[in-house]
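# Tertiary structure, described
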Amino acid sequence: MAVIRDLNKDKMDVVEGSYAVAHSVKVCKPNVISAYPITPQTHIVEDLSQFMADGEIPNCEYINVESEFSALSALVGSSAVGARCYSATTSQGLELMHEILFNVSGMRLPIVMTIANRAVSAPINIWNDQQDSISQRDTGWIQLYAEDLQEASDMTAQAFKIAEDKDVMLPAMACMDGFILSHVYEPMVLLEQDLVDEYLPTYAPEYTLDTKNPLTFGAFADPEIYTEFRYLQQKAMDNALPKIEEAANDFHKVFGRYYGGLVDEYETEDAEIILMAMGSVVGTIKDTIDGLRAKGVKVGLLKVRSFRPFPVEAIHNAIKNAKVVVAIDKNISLGLNEGALFTETKASLYNTNIDMPVIGRMIGHGGRDIPVSTIEKIVDEAANVMKSGISVESQYADLKEELL
Amino acid sequence: MSFLFEAGHRGCAGCCDAMVAKFVLMAAGEDCIIISPTGCLEVMTTPYPESSWGVPWIHSLFENAASVASGVEAGLKALGKFEKTKVIAMGGDGATLDIGIRGISGAFERGHDITYVCIDNEAYMNTGVQRSGATPFDASTTTSPAGSESFGNQRPKKDMPAILAAHGAPYIATCSLGYPKDLIKKVKKALDVEGPTYIHAHAPCTTGWGFDTSKTVEIAKLAVQTGLWPLYEMEDGEITSVKKIGKQKKPVEDYLRMQRRFKHLFTKEGGDEELKKIQVLADKNIVKFGLE
Amino acid sequence: MSIRLGGVCEPGSTRVNKTGGWRTFRPVYDYDKCIKCKLCELLCPDMSVLEWENGYFQFDYDFCKGCGICANECPKNAISMVLEEK
């Protein structure tokens with residue numbers, strides 16, 4: 001299904017991305033919000049606390065924790081008693097949570113966190129890239145990436161719906177590029193309370209900490225049984241693949257807006273060159289494609305919306321007829337010199353009949369601006385690959401040689 | 001017949017953690033939720049699929065019991081289920097005052113209505129008796145062993161009750177498994193007081209301290225009777241009651257001699273001087289808390 | 001038995017693990033000396049001192065680990081630790 005962005009002008013407001021997300025959280029009726037401030041997530045948690053102060057979020061407790069580690073730890077307790085839980089973080093905060101990310105997923109607690117993607121220290125840098133959430137890709141959290149404010153706002157409701165589904169019960173990260181989406185004002189429709197009430201069921205987990213039915217959470221699993229726990233988490237990720245599509249389709253039915261499920265395709269039907277990307281850079285790429293198409297270049301975009309679970313089949317279906325694919329990454333795996341989207345796409349193609357060259361280009365790290373010219377340069381390189389094969393498989397596309 | 005803390009757990013014979021947990025549950029009754037950090041208590045009571053806990057219980061990580069307890073309290077309040085349910089974080093000294101200090105500081109500063117019980121057996125027992133911030137002066141542990149150049153741990157115990165009093169905790173009490181009725185009474189009081197309350201329970205560990213399994217209670221009493229483990233209550237930062245030792249006062253040797261972790265003080269050259277230092281610590285407590 | 005979501009466990013289920021096999025010594029009552037002070041029941045770390053008749057107690061040998069705390073603390077020396085014969 002194509003992206004549907006017919007927004008009712010009467011319902012539109014010009015708001016900051018952070019405000020929109022905070023509003024979405026509010027109307028999703030959370031029970032516990034825990035927050036530790038870190039740029040560029042701060043406006044989200046500030047807006048939420050103003051909503052709390054104005055009594056706009058009933059049946060909710062807001063915990064001003066003393067670190068991100070405690071932010072997520074507190075939600076372990078809250079989620080276990082049956083509360084719908086939310087937090088937001090980025091970069092250093094997410095890295096600090098690394099230990100507990102695994103714990104939350106292993107305990108199958110469907111906590112939702114907005115990640116306002118930001119580069120990771122050292123060197124310290126507050127601007128956008130996706131190293132933070134990508135570096136947590138093994139932790140068992142669902143990861144969805146938003147293209148613009150409207151999607152980031154709407155994605156919050158979808159994240160709760162997917163995470164809390166009985167066949168999933170995994171925590172979810174709703175990722176939005178820090179500053180680029182969090183601190184920018186756009187005209188958009190704020191998530192509608194009455195429609196959310198229709199779309200998102202009440203959170204009613206099967207097992208809770210309940211004095212009337214005491215249970216033990218967090219027992220230790222010896223070698224005889226540990227593997228099966230991991231297997232069941234992987235199975236839940238597999239179950240999430242169709243649920244992500246379903247959540248997006250249901251969202252369209254109720255709200256009239258759609259951004260793709262696992263992936264979204266732009267001008268890919270006859271594309272020879274397909275660019276793959278996640279997050280806000282998708283907008284820039286679409287503009288670039290419009291310009292290049294006008295010149296007759298057959299280029300298209302595959303927006304990857306769900307990074308975890310990794311939508312292998314959806315990606316293959318979208319790119320199988322292309323002559324060259326470029327995966328664009330705002331992250332790097334040091335020691336491999338590749339971004340994760342590239343590595344995982346390439347690996348997923350290896351044992352298949354899909355045979356075109358796939359290259360990786362890393363851009364925008366530490367918030368480096370991505371002008372249309374950078375994307376055009378990448379498309380040129382892809383065109384050369386079509387002609388003469390791969391010369392460089394993976395590298396930075398916006399490296400400043402003069403600084404080296 | 002069933003107990004709130006059941007038999008069949010893998011605690012050592014004479015286990016101090018088991019005793020304190022049992023007493024705490026006797027004080028709390030079935031309307032409570034327990035949050036434990038990683039440690040002996042957690043490991044010995046919950047090998048999947050078995051659990052010794054007859055009340056709702058959750059374990060997350062080593063350093064976050066207080067944070068998880070904060071979340072349990074907030075979740076119950078948000079859902080309108082808080083009422084009379086007691087939220088109790090219960091775990092060891094390492095998890096409380098070393099790696100967990102960030103979490104407990106935050107929880108107490110925010111003033112959650114929880115009770116935190118620290119079972120202080122004075123080392124990281126579950127991982128093999130390594131030194132913690134609660135290890136007393138001159139105790140030999142596996143990472144602060146006595147040796148030809150060392151008398152063991154050279155630092156004093158971290159004064160956790162004082163730290164939490166500074167956080168404005170309305171009720172703090174030290175207790176000992178050697179005085180179980182006193183312990184139960186203090187836990188009941190802590191549970192009744194609104195706000196973050198703290199119980200610091202002395203728990204002699206037969207395996208880690210090196211004494212016969214039958215001596216757990218006896219040694220706990222001796223710690224109190226020497227003045228090394230003062231029993232007191234603090235309300236809003238002021239000491240409001242102490243257990244006087246009076247005629248029961250014993251010299252520190254009576255307590256130290258029974259434990260392998262202090263044996264070097266009796267066999268190594270210079271041990272006498274060390275014993276005197278420890279007696280000074282005990283005497284200071286007696287003066288400071290008015291235990292005479 | 002299949003794993004439950006998140007690995008939740010039933011309360012009190014450690015009772016399948018009969019720790020009585022750990023013992024070297026077993027406690028035995030001399031009821032003539034016992035004053036029914038209930039200290040043994042209070043102190044037992046393994047819930048192995050059970051109410052019996054007339055206010056007395058009996059040991060649950062399925063779980064008793066033979067630690068000897070009850071014998072050590074009994075104010076009337078009414079409990080002795082006897083070597084297990086097996």
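Look up: the structure comes first, before these words.
Residues numbered from 1 in each chain as written. Chains lettered and ligands numbered in written order. Predicted model: local features only at pLDDT ≥ 70, side-chain atom pairs only at ≥ 80, totals over all residues. Heavy atoms only, no water.

## Things to note about the pattern of salt bridges
Residue and element names in this part refer to chain A. Defined as follows: Every case where a carboxyl oxygen of Asp or Glu lies within 4 Å of a side-chain nitrogen of Lys or Arg is listed as a salt bridge. Per the convention used, a helix needs a DSSP run of H or I reaching at least four residues, while a strand needs a run of E reaching at least two, with both numbered from the N terminus. Exposure classes here rest on a 1.4 Å probe applied to the protein chains alone. A residue is buried below 20% of its type maximum, exposed above 50%, and partly exposed in between.
By the definition in use, this model includes 43 salt bridges over all chains. Two residues, Glu 164 and Arg 84, come together in a salt bridge whose shortest N-O distance is 2.7 Å. In this pair, Glu 164 is assigned in the loop between α7 (149–163) and β7 (172–177) and Arg 84 in the loop between α3 (68–80) and β4 (85–89), connecting sequence segments 80 residues apart. On the accessibility criterion, Glu 164 (12% relative accessible area) is buried. A residue is classified by how much of its surface remains accessible, and Arg 84, at 5% relative accessible area, is buried. Lys 346 is the partner of Glu 393 in a salt bridge, and the nearest nitrogen-oxygen pair spans 2.8 Å. On the criterion of sequence distance, the pair formed by Glu 393 in the loop between α13 (372–388) and β16 (394–396) and Lys 346 in helix α12 (residues 340–349) is long-range, its members being 47 residues apart. Here the residues in one salt-bridge network are Glu 147, Glu 151, Lys 286, Lys 303 and Arg 305, joined through shared partners.

## Side note on the pairing of strand β4 (residues 115–120) of chain B
Residues and elements named next belong to chain B. Counted only if it meets this: Strand pairing requires that DSSP identify at least two bridges connecting the strands.
Of all six residues making up β4, six are buried, and the element is well covered by its neighbours. Residues Thr 115, Val 117 and Ile 119 of β4 are buried on one face, and the alternating residues Tyr 116, Cys 118 and Asp 120, pointing to the opposite face, are buried as well. Both strand β3 (residues 86–92) and β4 contribute to a ladder of five bridges, which runs parallel. When the bridges of β4 are listed, Gly 91 appears paired with Cys 118. With six bridges joining them, β4 and strand β8 (residues 197–202) adopt parallel strand pairing. Bridge pairing in β8 links Thr 115 to Thr 197.

## Describing the sheet that holds strand β6 (residues 142–145) of chain A
We apply this condition: Fitted lines through C-alpha atoms give the axes, limited to the stretch in contact for helices. The angle between two N-to-C directions lies from 0 to 180 degrees. Between two residues, a contact is recorded if the distance between any of their heavy atoms is within 4.5 Å.
In space, the seven strands of this open sheet follow the order β3-β2-β4-β5-β7-β6-β13 (chain A), with mixed pairing throughout. Since the sheet does not close on itself, it has two edges, and those belong to β3 (61–64) and β13 (306–308) of chain A, each with one partner. For this sheet, the mean inter-axis angle between neighbouring strands, taken without regard to orientation, is 20 degrees. Where β4 of chain A and strand β5 (residues 112–117) of chain A come together, four bridges link them in parallel fashion. Bridge pairing links Thr 89 of chain A to Ile 115 of chain A in β5 of chain A. Each of β6 and β13 of chain A touches helix α9 (residues 226–255) of chain A; the most contacted strand, β6 of chain A, lies at about 30 degrees to it. Seen against the sheet, helix α3 (residues 65–78) of chain B touches β2 (32–35) and β3 of chain A and runs at an angle of roughly 160 degrees to β3 of chain A.

## Here's the deal with the layout of surface pockets
Condition: Buriedness for pockets is judged along seven lines, at least five of which must meet protein on both sides within 12 Å for an open set on the 1 Å grid over protein atoms alone, while cavities are sets there where a 1.4 Å probe fits but cannot get out, and lining residues have an atom within 4 Å of a point. Grid points are joined across faces, edges and corners, and a volume is the space filled by probe spheres set on the points.
There is about 620 Å³ of room inside the largest pocket. Lining of the largest pocket is provided by 26 residues; of these, Lys 157, Leu 228, Trp 229, Pro 230 and Asn 285 of chain B occupy positions nearest its centre. Here the lining of the largest pocket takes six residues from helix α12 (residues 271–289) of chain B, the largest share from any one element. Space inside the second largest pocket adds up to approximately 440 Å³. Lining the second largest pocket are 19 residues, and of these Asn 103, Gly 106, Ala 219, Tyr 226 and Arg 230 of chain A lie nearest its centre.

## Remarks on helix α11 (residues 312–319) of chain A
An α-helix turns once every 3.6 residues. As a result, residues three or four positions apart point the same way. Residues of α11 of chain A that are buried include every one of Ala 314, Ile 315, His 316, Ala 318 and Ile 319 of chain A, and no others. Tucked inside the fold, the buried residues of α11 of chain A contact β10 (263–266), β11 (273–277), β12 (299–304), β14 (324–329) and α12 of chain A.

## Concerning the interface of chain A and chain B
The cut-off we apply is this: Here the buried area means the combined drop in accessible surface, using a 1.4 Å probe, for two parts upon being joined, counting both sides.
With 39 residues of chain A at the interface, the matching set in chain B holds 40 residues. Between chain A and chain B the total buried area reaches about 2,900 Å² when both faces are included, carbon and sulfur atoms providing 64% of it. Where chain A packs against chain B, one counts one salt bridge. Note that Arg 110 of chain B is salt-bridged to Glu 66 of chain A, the shortest N-O span being 2.7 Å.

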